[in-house]
Amino acid sequence: MVQKIKGFADLLEKETALFTILEEKARDIFSLYNYKEIRTPLVEFTELFSRSIGASTDIIQKEMYTFMDKKNRGITLRPEATAGSIRAYIDSGRQGPSKFFTFGPMFRYERPQKGRMRQFHQINVECIGYEESYIDAEMISMLLHFLNALAIKDTTLLLNSLGCSCCRPEYKRVLISYLKKEEKQLCTTCQERMEINPLRTLDCKIEECIERTKDTPIMLDYLCAPCLEHFLSVKSFLDLFQLSYTIEPRLVRGLDYYIRTTFEVVSNNIGSQSSIAGGGRYDGLIKQLGGKDLSGIGFALGMERLALLLHSPSQALNNYYIAVLCESALEKASILANTLRKHNYSVFFEHTVKNMKKHLKQALSHAESCIFMGEHEIENTIYTVKNFQKEEQKEYTLGDILEQKHL
Ligand code: HAM
């Protein structure tokens, strides 16, 4: 047998049912906030990602699935949805505010483990054209509303501000000079990151590095006046909405386009890959990708991680199971299955002859009622219906069944 690719999973009935719940709930909740659904291609020119996500990020340096197409152009399976969504926005010629969301598979060549796949799925939300702090709070509020609607509990909202191009360079200088003192004790990745992307050293998961950097200066102490005002205002809106949050100065995120507000929702119940959603503000990105100088903010939820937190939906039963008891009933039974389906009743039609006991055993786990069709039923043009809930068995005409008289 041909093996499936490592880090790629089949979504069978159970997982697909959970994903459908997630998608339907997202549509319901996001529409309350005036977000519309869009779909963008799974592949884009590699340049789109290298120009947006940041050359020194793990995604660009080692996690992209990149190929050359027949005309020798670099194309990449999308590692996230923001870049493609912004490209689509610019491509459509729109210039004004826009709020949209999308679902679908993303691809990152990471080391697979529980909650971390090479093909995974995101629910991704973007809001373009608003720079006001209210929008940051509204977006976070919508994210928590969605998690609440799914009854996902034991989560923590982490909040930080990464400043802007005015205040971050100064913070980087201070951070680098602090890290220099610890350089020899830090892991090789941190040592490399120190030069090319010093903020990412704060995201290192190695105990020794965390300990060595625990007293580093924090971005929040270096915010310029407009960034500080923005951050304080986001916090007061969250307070107004009575949403609790934890300020996490080490929350730096793995993509370079963020400025100001960044946030993540982490769960205590899914192991080490605990981030179920992450996002932030990316003013400047739209211009960088060739659009107008518009603000933007968004987030994405990991669907595999959310699915780990959902209870499996109980399997929906069919309205009827049709049990054929003799060969001569097969034809009439198939006509009955057709008729019921055309009247919008769901039917599990076992189109093989079996005895009553075998049929009943199967019917119980698949349908609310069982219709028996044997010689007696064919001769008398009636149908014997067993209603499992009422534990009642009676004879009915087709008209009775269509009117649901057995219920
Ligand atoms: P991200 O933090 O890279 O952000 O991913 C968002 C979420 O996707 C994570 O919190 C996690 O739940 C899930 N996720 C990421 N990688 C994997 C993986 N390998 N396996 C399973 N789940 C994973 C972004 O992607 C940004 N584009 C979010 C955003 C939208 N920012 C602004 N707009």
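Everything below is about the structure shown above.
A brief structural summary. Remember, it's a predicted structure, so these values are computed and weren't measured experimentally.

Criteria and cut-off values
Residues numbered from 1 in each chain as written. Predicted model: local features only at pLDDT ≥ 70, side-chain atom pairs only at ≥ 80, totals over all residues. Heavy atoms only, no water. Pairing = 2+ DSSP bridges. Helix = DSSP H or I, 4+ residues; strand = E, 2+ residues; numbered from the N terminus. Axes fitted to C-alpha atoms, helices over the stretch in contact; angles between N-to-C directions. Buried < 20%, exposed > 50% of the residue type's maximum accessible area, 1.4 Å probe, protein only. Right-handed = clockwise from strand over helix to strand, strands pointing away. Contact = heavy atoms within 4.5 Å. Near = heavy atom within 4 Å. Polar contact = N/O pair within 3.5 Å; in protein donor to acceptor, adjacent residues only side chain to side chain. Areas by Shrake-Rupley, 256 points an atom, 1.4 Å probe, with all protein chains shown as cover.

**Comments concerning the sheet that holds strand 14 (residues 367-373)**
The pairing of strands in a sheet comes from backbone hydrogen bonds and takes either a parallel or an antiparallel form. Spatially, 13-12-14-15-16 is the arrangement adopted by the 5 strands of the open sheet, whose pairing is mixed. The sheet is open, and its two edges are formed by strand 13 (347-350) and strand 16 (392-396), each paired on a single side. Direction aside, the axes of adjacent strands within the sheet are offset by 25° on average. Both strand 12 (residues 318-324) and strand 14 contribute to a ladder of 6 bridges, which runs parallel. Bridge pairing in strand 14 links Asn318 to Ala367.

**Concerning the pairing of strand 12**
Summarising burial for strand 12: 6 of the 7 residues are buried, a large majority. Looking at chain direction, strand 12 and strand 13 are connected through 4 bridges and run parallel. Within strand 13, the residue paired with Tyr320 across the bridge is Val347. Following the backbone out of strand 12, through helix 12 (residues 330-342) and into the adjacent parallel strand 13, one traces a crossover that is right-handed.

**Things to note about the sheet that holds strand 7 (residues 155-161)**
What the 8 strands build is an open sheet, ordered 1-5-6-11-10-9-7-8; its pairing is mixed. In this open sheet, the two strands that pair with only one neighbour each are strand 1 (36-37) and strand 8 (246-247). Running over the sheet, helix 5 (residues 133-149) touches strand 5 (98-107), strand 6 (119-128), strand 7, strand 9 (259-267), strand 10 (275-281) and strand 11 (296-302) and is turned about 15° from strand 11.

**Brief notes about helix 4 (residues 82-91)**
Along helix 4, the residues that are buried comprise Thr82, Ala83, Gly84, Ser85, Ile86 and Tyr89. Those residues of helix 4 that are buried are in contact with strand 2 (43-45), helix 2 (46-52), strand 5, strand 6 and helix 10 (285-288). At the exit of helix 4 stands Gly93, carrying a positive phi of roughly 80°.

**Observations regarding unusual backbone geometry**
The phi dihedral of Asn344 is positive, around 70°, even though this residue is not glycine. Among the structural elements, Asn344 can be located in the loop between helix 12 and strand 13. Positive phi values are uncommon outside glycine, yet Thr381 reaches one of about 45°.

**Brief notes about the site of the ligand**
The environment of the ligand is made up of 27 residues, and the closest members are Glu80, Glu110, Met117, Tyr258 and Ser275. Contact between the ligand and Arg253: an oxygen atom at 2.9 Å from a side-chain N or O atom of the residue. Within the backbone of Ile276, a nitrogen or oxygen atom sits 3.3 Å from an oxygen atom of the ligand. Here the ligand loses 96% of its free accessible area of 660 Å² to cover by the protein chains.

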